[in-house]
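# Architecture and fold: a report
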Amino acid sequence: AQSVAQPEDQVNVAEGNPLTVKCTYSVSGNPYLFWYVQYPNRGLQFLLKYITGDNLVKGSYGFEAEFNKSQTSFHLKKPSALVSDSALYFCAVRDGNSGYALNFGKGTSLLVTP
Amino acid sequence: DVKVTQSSRYLVKRTGEKVFLECVQDMDHENMFWYRQDPGLGLRLIYFSYDVKMKEKGDIPEGYSVSREKKERFSLILESASTNQTSMYLCASSRDSYGYTFGSGTRLTVV
């Protein structure tokens, strides 16, 4: 089955510093990869996706992600973190075995401190 | 603006009750999904549907069933609610495998 792993439960970063939230994937074939963000007691909001094309994907709110096939990674990045970026971040991969449902990682809590 | 609407943000139900969680989308999407979210476990797929009256089990279907009588509505049913079904439930829909839209979630507490 297609799967993703988020190795960090929590990431702490100071406001203004660059942030990285890590994601690695395990798929057969070409991966369709996604990042979502969740604010407290809310649903998931789409940030960006990689289907094909450029390895650097730009998304919402200044976020970007780099697809690295050799390292099977899809890390989420932002050059300068904001306190308002504090939230729960999920990496996901499309699973062709489940009606194209998304398989999610366990999530990474990002805390940006002033 | 396209939407996936979950009828309740918060629900409190008693053990043994039959519980219905409703999800409606206005985007004419074929595919709809139900997930539950628990801390440290991420989102886990309960059921999905790729057409009206069609349903398929996901990773954790035990204790749940679903209904899709109309294209826009996908209901999750807890036949006899138990305390271990206390969770956040998220509905999603997609037309294809490139774009998925999520509802705001229903936080269910079973007491």
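Please refer to the structure higher up on the page.
In this text the structure is predicted, and so the values were computed from the model without any measurement. (Residues numbered from 1 in each chain as written. Chains lettered and ligands numbered in written order. Predicted model: local features only at pLDDT ≥ 70, side-chain atom pairs only at ≥ 80, totals over all residues. Heavy atoms only, no water.)

Here the focus is the overall build of chain A. When helices and strands are tallied, chain A shows zero helices and twelve strands. The order of α-helices and β-strands along chain A, N terminus first, is β-β-β-β-β-β-β-β-β-β-β-β. The C-alpha extent of chain A, read off along each of the three principal axes, is 45 × 30 × 20 Å. Taking all contacts inside chain A whose residues are at least 6 apart in sequence as the whole, residues at least 24 apart take part in 54%. (Helix = DSSP H or I, 4+ residues; strand = E, 2+ residues; numbered from the N terminus. Contact = heavy atoms within 4.5 Å.)

Let us now look at the nonpolar core. If you look at the biggest cluster of nonpolar residues, it comprises 26 residues, and the most contacted ones within it are Trp-35, Leu-47, Leu-48, Phe-74, Leu-76 and Tyr-89 of chain A. When contributions to this core are tallied by element, the ones reaching two or more residues are strand 2 (10-14), strand 3 (19-21), strand 5 (33-38), strand 6 (44-50), strand 8 (64-68), strand 9 (73-78), strand 10 (87-95) and strand 12 (108-113) of chain A. It is strand 10 of chain A that provides the largest number of residues to this core, a total of four residues. If sequence neighbours within four positions are ignored, Leu-76 of chain A has contacts with Leu-19, Thr-20, Val-21, Trp-35, Leu-47, Leu-48, Phe-63, Glu-64, Ala-65 and Tyr-89 of chain A. By size, the runner-up hydrophobic cluster in this structure holds 21 residues, among which are Val-19, Met-27, Phe-74 and Tyr-89 of chain B. (Core = buried A, V, L, I, M, F, W, Y, C linked by side-chain atoms within 4.5 Å. Buried < 20%, exposed > 50% of the residue type's maximum accessible area, 1.4 Å probe, protein only.)

Residues and elements named next belong to chain A. Of note, Lys-22 is situated in the loop between strand 3 and strand 4 (24-26). We classify Lys-22 as partly exposed; its relative accessible area is 37%. A sequence separation of twelve residues divides Lys-22 from Gln-10, and the C-alpha atoms of the two residues are 11 Å apart.

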